[in-house]
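What the coordinates show
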Amino acid sequence: METLILVIIGLVAAPLLGGLIAGLDRRVTAWFQSRQGPPIMQAFYDVAKLFGKEKMVVNQWQILCAWVYLIAAAVSVALFFAQGDLLLVFFVQAIGAVFLVMGAMAAKSPYSQVGAQRELLQILAYEPILILVFVGFYMVTGSFSIDAIWAQDLPLLARMPLLYLALGYALTIKLRKSPFDFSTSHHGHQELVKGVLTEYSGPYLGLIEIAHWYETVLVLSLCALFWHTNVAWMALLLVATYLLEILVDNTMARMTWRWMLKRVWLLGMGMSVVNLIWLYAG
Amino acid sequence: MSNLLVLLILLPAAAALVCYFVRSMAVRRLTVLATGGILTLSALGLLAQGTFAPTEVGSFLGIGSDFLVTVLDFVLLGVIYFYGYKHKSLLIQGFTLAQVVLLAWFEFFMVGHEAVPAMMGDQLSLIMVLVISIVGSLICIFALPYMKEHEEHLHLKKTRQPRFFFFMLIFLGAMNGLVLSNNILWMYFFFEVTTFCSFMLIGHDATEIATKNAVRALWMNALGGLAFVIGMMLVYTQAGTLNISAILALGTTAPVMLTGLAFLCLAGFTKAAQVPFQSWLLGAMVAPTPVSALLHSSTMVKAGVFVVLRFAPAFAGTFLSTGVAVCGAFTFLACAALGVGQSNGKKILAYSTVGNLGLIICCAGINTPLALTAAIILILFHAISKSLLFLCVGTIEQSIGSRDIEDMRGLYGSNPRTALITIVGILTMILPPFGVLLGKWMAMEASADSNIFVVVMLAMGSAMMVVYLARWAGSMMGSRKPGARAESQPMLIRLPLMTLCLGAVVLSLASPWIYNSMLAPWIGSAPFVVGFGSLESAHGTFVVVPLFLVLGLGLLYAVRAASGYRRVKIMPPYVSGANSASGDGAYVGPMNGDVPFSTGNLYLGEMFAEPKLTPIFNALAVALIVLMLGGAL
């Protein structure tokens, strides 16, 4: 029963929180760039407007893929809130990622095709890191279930600092921020139009936007697990992490996939492995 | 009991003879269909009767069966030597001669020839029999219309199908024999039969390249056979028995025993095409597609992982076990990397097979109850999904004349049925809540207990595998003209495709019960508890049925939304300019000419080029195998 309530809270709160974060993100970014920026609720207005638009697609696969992306993202958040198995949460999340790519590939559009290829490269970069982070959780708690984390006395950050840094890479990629934003660039002047999202419009783009909010909350929830002992510190950790993400987003140029793969695999995996060795030895 | 065993092993052989000598198509059709049906029923019957302790087989036409197997062994080695001589392969001749000499020494001077019960059926054998008999039969049935069309393409004067079905059916019988063997000499005999069948089937089309690849497959597997004989002899010197269940119960870790087991694992590696032996399986692609499907899913390579799994309990907790795990994980990673660079559909499937076999062997090496469960789940579901995908590629190839995934772009437009089944097949390989992913999940949770190299290799390999399969599934989606007719599929093509596709989905849903009834009893301390359709262990929980319900309902809703697409405005894609009137993704370019749409996947040639990576991976794998063999001492 308790689980069910948690799941419902997760399903309802995640998109609200995700939208709010998106709005805040734009405000802070504007502040960095000495602009005023839109209202904090702008993300919700945008999506509401999208749902009012006419339904247009290139073919029916896009409708299917947009829905499955949203459903998988919501289910992975629900599983997370149900204190489920971290690896399973990750695999369910991967359903959404795969369907987003497939939807982009279904259209005969050069932009969405290139976007899809780039999204695949992003998956290639962040997936191993996420798995290693989960293995780190297992090493500390003896289980892949989120349940087991609450039984720990010390914040996990103390034992897995490098894994947290590596998770930062995954977070940046998953949030599609510079320097790793090349599958769905947010900036109009860049040559790829909108990458994987090029062919989505109206309500279907709205669905994808909401799915992205779910994913944002999912990845941030993962970060939150690193300081589960104290809500205040957890909040501080999250705020600091997200501010850092925005700072990185605004100070870094978009890089090529080669740069990303090398950086993330060498540095990200390197840090993860070193941290895992500590845990194995300890 | 013994009647079922006779049916499972000897019926395919008898049916093979019928196919070979009665050269009528109607008889062949009937024979293959009936054999498939009877094999399926026998496998289910064997399952219903449950496991059985090692049993005697007795004599056959007044001749002792052990003696018969020995004679057949030498006959078979003679035949293999003959083919080595015919194709001027010194490697085959050398490996076969060495086998003959060692085997003769073993048979005449070492073995005491006490009576050993020849057959046994534990859960592992029963599951393998199901996979071989049902999936294998479906592939043989698919081959009926496929080979007819295949030969029409080749314009053969005289049909070679009798020979083809002869070896396909013998293969099934030999595999059933292999997995049910309790006498290690019998296991060796069936092991060699599968080597020979695969050689004949790979070279079936008798083209230059087919012969070349068949010869390569034969020498690599002859090496495996040699390793098997050496392993068998070493194990015998320590254990003093040919009885496999007695060997497993012995529980000794004397160096001689471990080295023997290491050689048996090496034999398994060659048969399962682990790096550096992967080239024979990739070369086997030149064979007609049903052969590839059979080799990759229910026979041959599964014989390799079976041998490793069969003996895994005997080396649990030793350095050899770690060595096996590392070798398997390395193959998983290497083949995932090699797969990223491929655009040939069959090659992609081949690398994914070898990779998944590596994962199974890795699980056998991790050797905990959880890991062994993962291995069997992977064997079962990989067989279903992979045979389905090979049959799909065969169907697509006969329809569009290419097996390159770039040529399959937008396949849904012209072949919606095949494309849909293929997409579902691919998704069952990489996504939850399907069985292969369930196995991968178990493997990863189990690997966290193992060692850090294994974990890292599995994490990286898993991501790459998702990339190259998702890319393929996505490119088959595409637009379809309103009112276009779906392609027609012959009955005997559609039946296996639909059965396998449904099997992959429905059996995944049933996995908690499959686990409870078939896997848990095999493993001494069952790692999972089944509750609410979920598999719970100390490591974590996979909510199979709830996930199926939620995602299934979600998918139904999504499909309904998508099928209402006629009410949605269909737009041409955005090409940052004027779309051409011809539609189809083309746009109006310079001089008002149409620029056609074309696109290609990113194969990351600079990082994942096959010619560049293969020698490096092979060298590393050889080093790891040497480490494994040496470490066993």
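Conventions and cut-offs
- Residues numbered from 1 in each chain as written.
- Chains lettered and ligands numbered in written order.
- Predicted model: local features only at pLDDT ≥ 70, side-chain atom pairs only at ≥ 80, totals over all residues.
- Heavy atoms only, no water.
- UniProt positions renumbered as here; feature names shortened; annotations may be inferred.
- pLDDT = per-residue confidence, 0-100.
- Contact = heavy atoms within 4.5 Å.
- Buried area = accessible area lost by both parts, 1.4 Å probe.
- Salt bridge = Lys/Arg side-chain N within 4 Å of Asp/Glu carboxyl O.
- Helix = DSSP H or I, 4+ residues; strand = E, 2+ residues; numbered from the N terminus.
- Core = buried A, V, L, I, M, F, W, Y, C linked by side-chain atoms within 4.5 Å.
- Buried < 20%, exposed > 50% of the residue type's maximum accessible area, 1.4 Å probe, protein only.
- Domains from an automatic or database assignment.
- Expected span 1.5 Å × (residues − 1).
- Polar contact = N/O pair within 3.5 Å; in protein donor to acceptor, adjacent residues only side chain to side chain.
- Axes fitted to C-alpha atoms, helices over the stretch in contact; angles between N-to-C directions.
- Parallel < 35°, antiparallel > 145°, perpendicular 65-115°, else oblique.
- Left-handed = near helix turned anticlockwise from the far one by under 90°.
- Nonpolar A, V, L, I, M, F, W, Y, C, P; charged D, E, K, R; others polar.
- Pairing = 2+ DSSP bridges.
- Phe/Tyr/Trp six-rings, centres within 6.5 Å; stacked < 30°, edge-to-face > 60°.

- The name an unreviewed UniProt entry assigns to chain B is Na(+)/H(+) antiporter subunit A, from the organism Pseudodesulfovibrio hydrargyri.

- Within an unreviewed UniProt entry, the label attached to chain A reads Hydrogenase-4 component C, and the organism entered is Pseudodesulfovibrio hydrargyri.
- Reading the Subcellular location (unreviewed entry) entry of the UniProt record for chain A gives the comment "Membrane".

**Considering the confidence of the model for chain B**
- Counting all residues, the mean pLDDT for chain B is 91, and 99% of those residues have values of 70 or more.
- The ipTM assigned to the predicted complex is 0.94, against a pTM of 0.95.

**Topic: the interface of chain B and chain A**
- Listed as interface residues are 71 residues of chain B and, on the opposing side, 62 residues of chain A.
- Of the roughly 5900 Å² buried at the junction of chain B and chain A (both faces included), carbon and sulfur atoms supply 76%.
- Per-residue buried area on chain B facing chain A is highest for I452, M477 and Y574 of chain B; these three make up 10% of the total on that side.
- One can count 1 salt bridge joining chain B with chain A.

**Regarding the UniProt feature "domain: NADH-Ubiquinone oxidoreductase (complex I) chain 5 N-terminal" (unreviewed entry) in chain B**
- According to UniProt, the positions carrying the feature "domain: NADH-Ubiquinone oxidoreductase (complex I) chain 5 N-terminal" (unreviewed entry) are residues 119-153 of chain B.
- Spanning residues 119-153 of chain B, this segment combines 89% helix with 9% strand, and its end C-alpha atoms are found 43 Å apart.

**Some points on the nonpolar core**
- One finds F137 of chain A together with F228, L261, W280, M464 and W472 of chain B to be the most contacted residues of the largest nonpolar core, which totals 356 residues.
- In terms of residues, this core owes the most to one element, helix α16 (residues 369-400) of chain B, which gives 20 residues.
- Two domains share this core, each providing at least three of its residues, namely domain 1 (1-267 + 277-299) and domain 2 (316-562 + 596-633) of chain B.
- The residues contacting F228 of chain B, other than those within four sequence positions of it, are I184, M187, Y188, F191, F263, L264, A267 and V307 of chain B.

**Observations concerning helix α20 (residues 452-476) of chain B**
All names here are of chain B.
- Taking 1.5 Å as the rise per residue, α20 with 25 residues should run 36 Å; its terminal C-alpha atoms sit 37 Å apart, in good agreement.
- Burial analysis of α20 places 24 of its 25 residues in the buried class, which makes it a mostly covered element.
- Where α20 begins, the capping side chain belongs to N451, and its oxygen is found 3.0 Å from the backbone nitrogen of F453.

**Quick look at the packing of helix α1 (residues 2-32) of chain A against helix α3 (residues 60-81) of chain A**
Residues and elements named next belong to chain A.
- At a minimum axis distance of 8 Å, the contact between α1 and α3 shows a crossing angle of 135°. Viewed along their axes, α1 and α3 adopt a mutual orientation that is oblique. Of the two elements, α1 crosses α3, and the hand of that crossing is right-handed. Contacts between α1 and α3 involve L6, V7, G10, L11 and A14 from the first element and A74, V77, A78 and F81 from the second.
- When its residues are assigned to classes, the contact of α1 with α3 shows 8 nonpolar, 1 polar and no charged.

**Some words on the domain arrangement of chain B**
Residues and elements named next belong to chain B.
- You can read the domains of chain B as domain 1 (1-267 + 277-299) and domain 2 (316-562 + 596-633).
- Each side of the interface is counted separately: domain 1 has 41 residues, and domain 2 has 41 residues.
- Roughly 3700 Å² is buried in total at the junction of domain 1 and domain 2, and carbon and sulfur atoms are behind 80% of that figure.
- The largest share of the area that domain 1 buries against domain 2 comes from F142, M285 and H296, three residues that together contribute 17% of it.
- The interface formed by domain 1 and domain 2 holds 0 salt bridges in total.
- Breaking the side of domain 1 that touches domain 2 down by element, the ones donating at least two residues are α2 (25-49), α5 (123-154), α10 (255-271), α11 (278-283) and α12 (289-297).
- It is α5 that contributes the most residues to the side of domain 1 that touches domain 2, 16 residues altogether.

**Some thoughts on the packing of α10 of chain B against helix α13 (residues 301-311) of chain B**
All names here are of chain B.
- Orientation of α10 relative to α13, taken along the N-to-C sense of each, is 160°, at an axis distance of 7 Å. One element, α10, and the other, α13, form an angle in the roughly antiparallel class. Every pair of crossing elements has a handedness; the one defined by α10 and α13 is left-handed. Contact residues: α10 offers L261, L264, C265, G268, F269 and K271, while α13 offers V301, A303, G304, V307, V308 and F311.
- Tallied by class, residues from the contact of α10 with α13 come to 9 nonpolar, 2 polar and 1 charged.

**A look at the sheet that holds strand β7 (residues 541-542) of chain B**
- Judged by pairing direction, the sheet is antiparallel, and its 3 strands sit side by side in the order β5-β6-β7 (chain B) without closing on themselves. Edge positions in the sheet fall to β5 (529-531) and β7 of chain B, since each of these pairs with one other strand and no more.

**Concerning unusual backbone geometry**
All names here are of chain B.
- The omega torsion of the bond from V275 to P276 falls at 5°, within 30 degrees of zero and hence cis.
- Note that P276 resides in the loop between α10 and α11.
- With an omega of 0°, the peptide bond between P432 and P433 qualifies as cis.
- Phi at F532 is positive, roughly 50°, even though this residue is not glycine.
- With respect to the secondary-structure elements, F532 resides in the loop between β5 and β6 (534-536).
- In this structure F532 comes out as exposed when scored by relative accessible area, which is 80%.
- The residue N592 is not glycine, and still its phi comes out positive at about 60°.
- Mapped onto the secondary structure, N592 falls in the loop between β9 (587-588) and β10 (594-595).

**Quick look at the packing of aromatic side chains**
All names here are of chain B.
- Under the counting rule described, the total for this entry stands at 37 aromatic pairs over all chains.
- Taken together, a centroid distance of 5.8 Å and an interplanar angle of 50° make the contact between Y83 and F196 tilted. Residue Y83 is located in helix α3 (residues 65-86), and its partner F196 is located in helix α7 (residues 184-202); the two are separated by 113 residues in the primary sequence. Across this residue pair, the class does not change: Y83 and F196 are buried.
- Consider the rings of F330 and F617, whose centres lie 5.8 Å apart with planes at 80°: the pair is edge-to-face. Remark: F617 occurs in helix α25 (residues 610-632) and F330 occurs in helix α14 (residues 319-340); sequence separation between them is 287 residues. The pair F330 / F617 is uniform in exposure class, with both members buried.
- Feature note: the residues Y20, F21, F82, Y83, F166, F167, F196 and F199 constitute an aromatic cluster, connected by ring pairs.

**Examining the environment of D122 of chain B**
All names here are of chain B.
- Take D122: it is sitting in the loop between β4 (119-121) and α5.
- Considering only alpha carbons, one finds D122 and F106, 16 residues apart in sequence, at a separation of 28 Å.
- In contact with D122, not counting residues within four places along its chain, are T51, R310 and W522.
- A polar atom in the side chain of D122 sits 2.7 Å from the side chain of S125.

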